[in-house]
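Residues per chain are reported as follows:
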Amino acid sequence: MTATTNGTSAPDMKLFYACFISIVTTAFGFILRALVLPQWGHDFNLTQTQLGEIAGVGLWPFAISIVLFSLVIDRIGYKTAMFIAVFCHIASALLTIFATGYWMLYIGSFICAIGNGTVEAVANPVVATMFPNQKIKWLSRLHAGWAGGLVLGGVMALLLGVNVKWEYKIALILIPTVIYALMTISRKFPLNERVQAGVSYKEMLQEVGAGGALIIVALIIFQLGAVFGWTTAANVIITLLITAGFGYYTRSFGRPLFIALLLIMIPLATTELGTDSWITDLMTPEMNKIGFQAGWVLVYTSAIMFVLRFFAGPISHRFSSPGLLAICSAIAGIGLYAMSFSAGNVILIAATIYGLGKSFFWPTMLGMVSERFPKGGALTLNITGGLGMIAAGVIGAGILGFIQDKSVDKKVTAYDGTHQTAIHSTYVTEQKTSLFGDYKALDQTKLATANVDEQRTVTTIRDTAKKEALRYIVIFPLIMLVSFVLLILYFRSKGGYKAVTLNQPDEPEATPY
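Residues numbered from 1 in each chain as written. Predicted model: local features only at pLDDT ≥ 70, side-chain atom pairs only at ≥ 80, totals over all residues. Heavy atoms only, no water.

Undergrad: I tried to follow the overall build of the protein on my own but got confused; where do I start?
TA: The number of helices and strands found in the protein is 22 helices and four strands. Relative to the compact-globule value of 24 Å for 513 residues, the protein shows a C-alpha radius of gyration of 23 Å, a close match. C-alpha extents for the protein along the principal axes are approximately 75 × 45 × 40 Å. In the protein, which comprises 513 residues, the proportion classed as buried is 59%. Considering only intrachain contacts with a sequence separation of at least 6, the fraction spanning at least 24 residues in the protein is 81%. With an accessible surface of roughly 19,900 Å², the protein has 66% of that area assigned to carbon and sulfur atoms. The positive charge centre, built from 35 side chains, and the negative charge centre, built from 27, are 8 Å apart in the protein. (Helix = DSSP H or I, 4+ residues; strand = E, 2+ residues; numbered from the N terminus. Rg over C-alpha atoms; globule rule 2.2 N^0.38 Å. Buried < 20%, exposed > 50% of the residue type's maximum accessible area, 1.4 Å probe, protein only. Contact = heavy atoms within 4.5 Å. Areas by Shrake-Rupley, 256 points an atom, 1.4 Å probe, with all protein chains shown as cover. Lys, Arg positive; Asp, Glu negative; His and termini not counted. Charge placed at Lys NZ, Arg CZ, Asp CG, Glu CD.)

As structure tokens, this is what we get:
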């Protein structure tokens, strides 16, 4: 049996755990790529920004699949979508394992992200429907699968050791993929609570409206434009045409509060996933000094996140959703700043603070959207997650790589000026272009031929740039902190935060034109 919105039948816990393992699989794909990212840079002579682009494409296409499937998933069926995800995870693993350069790694990561988005397009609304009165608790448990997958996948890969080929580590994703595929075959998926309550398809779209569509469509189109070389004018025209068509059909601007939450999701996802996609590489110099592989930082912070998410019930009941998110924003900001200058074993203390802070970001934000906008069904819930992934992929992963390359460029130039050397003109010769602007990067092939002193100098400068990059990310949790404090004040003015039920809406309908 499956849960219904009126609670007349018990939840199918086997279905919940099938969804849980599917989320574990998405985490495997993320951490396995994060762990081998430095090796790809060495093997394929990639710049830090190119590595950031590969890390990013492992995230932002998630938005395409989660949004597209959310529009049709109630019609094609959850099980069909889940098996499309299975195909994507298998195909991406094989393409990556047999990669010969940048583009095969890029496309393999792209397909993996499509599969990940499809998984969440299914899992999030299914679990929200199964537990309509405990959404944050069970969405937190569902997304404990993400943290658990990071820990399990990370430990498995790290225990293989540095001498095992990265191809074998990538192949580990096939293990949870087969498990959730087999678990899904015999399960019966419930109708979404929006469908059960008789809320029409158009009403669901009206919750998002032209305002919400503009945000997600713009991010997707501009990223596709960057990949395919579209002009800015073409990006703007395509975005406006799609948004206008959506607005004309729905005759709605969308819920102002939902649009505000979408905007807040951008710094939230950048803080959590953007940082996590780089944390192994950024912490490598300091972790090597204390005798550990850098991947243990991500595994450690993910273990903290797993425990807190799986036992989130008492915590989520103690604080309102915006209150919990405000506290977490402050803690995460402190942790990131501390990691940017900590050394030795103090790194682990700073990582603990960061792990505590990031634990509740994603599921609490999804839970709040589902609680406040149940008419939006799968669409509002999954657009929020999709926007977060594309923000993490485009802004978070990309900007951290760009910051490092620009910092190395600047510091090597300054070193040459002080020591009358020519390191910059000899090795920082790769002219590149990214979403954030033009930059010059190290030529890894040339650097490999440098003498010992020059290599040591460049390595020291590059290691310093890695740690300092985290300081620039602190602005994002600060933006979140201010935003959630303002939301707390807003809800207090309305009598306090509370969930909206489909039978008892407490807000006006979506704002019409």
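Undergrad: Quick question: what am I supposed to make of the packing of helix α13 (residues 295–310) against helix α16 (residues 346–358) here?
TA: To describe two helices that pack against each other, one gives the angle between their axes and the distance between the axes. The N-to-C vectors of α13 and α16 enclose an angle of 40°; their axes lie 8 Å apart at closest approach. By the angle between their axes, α13 is oblique relative to α16. Judged by the sense of rotation from one axis to the other, the crossing of α13 with α16 is right-handed. In contact with Val297, Leu298, Tyr300, Thr301, Ser302, Ile304, Met305, Leu308 and Arg309 of α13, α16 contributes Leu348, Ala351, Thr352, Tyr354, Gly355, Leu356 and Lys358. (Axes fitted to C-alpha atoms, helices over the stretch in contact; angles between N-to-C directions. Parallel < 35°, antiparallel > 145°, perpendicular 65-115°, else oblique. Left-handed = near helix turned anticlockwise from the far one by under 90°.)

Undergrad: What exactly am I supposed to notice about a nonpolar patch on the surface here?
TA: Together, Phe83, Val178, Leu182 and Ile185 give the surface a local cluster of nonpolar side chains, amounting to about 370 Å² of exposed area. Per-element accounting of the nonpolar patch gives the leading share, three residues, to helix α8 (residues 174–185). By the element assignment, Phe83 lies in helix α4 (residues 78–97). Judged by relative accessible area, which is 32%, Phe83 ranks as partly exposed. (Patch = residues over 30% accessible without salt bridge, like charges linked within 9 Å, V, L, I, M, F, W, Y side chains within 5 Å. Salt bridge = Lys/Arg side-chain N within 4 Å of Asp/Glu carboxyl O.)

Undergrad: Help me understand the pattern of salt bridges, please; the structure alone is not making it clear to me.
TA: Opposite charge on two side chains lets them pair, provided their charged atoms get close. Evaluation of the coordinates by the stated rule reveals six salt bridges. With its nearest N and O atoms 3.9 Å apart, the salt bridge here joins Lys375 to Glu203. Taken as a pair, Lys375 in the loop between α17 (361–372) and α18 (377–419) and Glu203 in helix α10 (residues 201–228) lie far apart in primary sequence, 172 residues in all. Given the relative accessible area of 14%, Lys375 is considered buried. Linking Glu272 and Arg309 is a salt bridge whose minimum nitrogen-to-oxygen distance equals 3.3 Å. Within this pair, whereas Glu272 is found in helix α12 (residues 256–289), its partner Arg309 is found in helix α13, the two being separated by 37 residues in sequence. Judged by its relative accessible area of 1%, Glu272 is buried. Residue Arg309 is classed as buried on the basis of its relative accessible area of 0%.

Undergrad: Can you walk me through the packing of helix α3 (residues 61–76) against α10 in this structure?
TA: The contact between α3 and α10 brings their axes to 10 Å, and the two run at 155°. In terms of their interaxial angle, α3 and α10 are classed as roughly antiparallel. As for the relative orientation of α3 and α10, their crossing is left-handed in sense. Across from Ala63, Ile64, Val67, Ser70, Leu71 and Arg75 in α3, the residues of α10 making contact are Tyr201, Met204, Leu205, Ile216, Ile220 and Leu224. Of the residues belonging to the contact of α3 with α10, the class tally is 10 nonpolar, one polar and one charged. (Nonpolar A, V, L, I, M, F, W, Y, C, P; charged D, E, K, R; others polar.)

Undergrad: What should I look at first to understand α8 in this one?
TA: Spanning 12 residues, α8 covers 17 Å between terminal C-alpha atoms, matching the ideal 16 Å at 1.5 Å per step. Within α8, the full set of buried residues consists of Pro176, Thr177, Tyr180, Ala181 and Thr184. The buried residues of α8 occupy one face: seen down the axis, they fall within an arc of 135°. Close packing links the buried residues of α8 with α1 (13–43), α4 and α5 (102–130). (Expected span 1.5 Å × (residues − 1). Arc of directions from axis to C-beta.)

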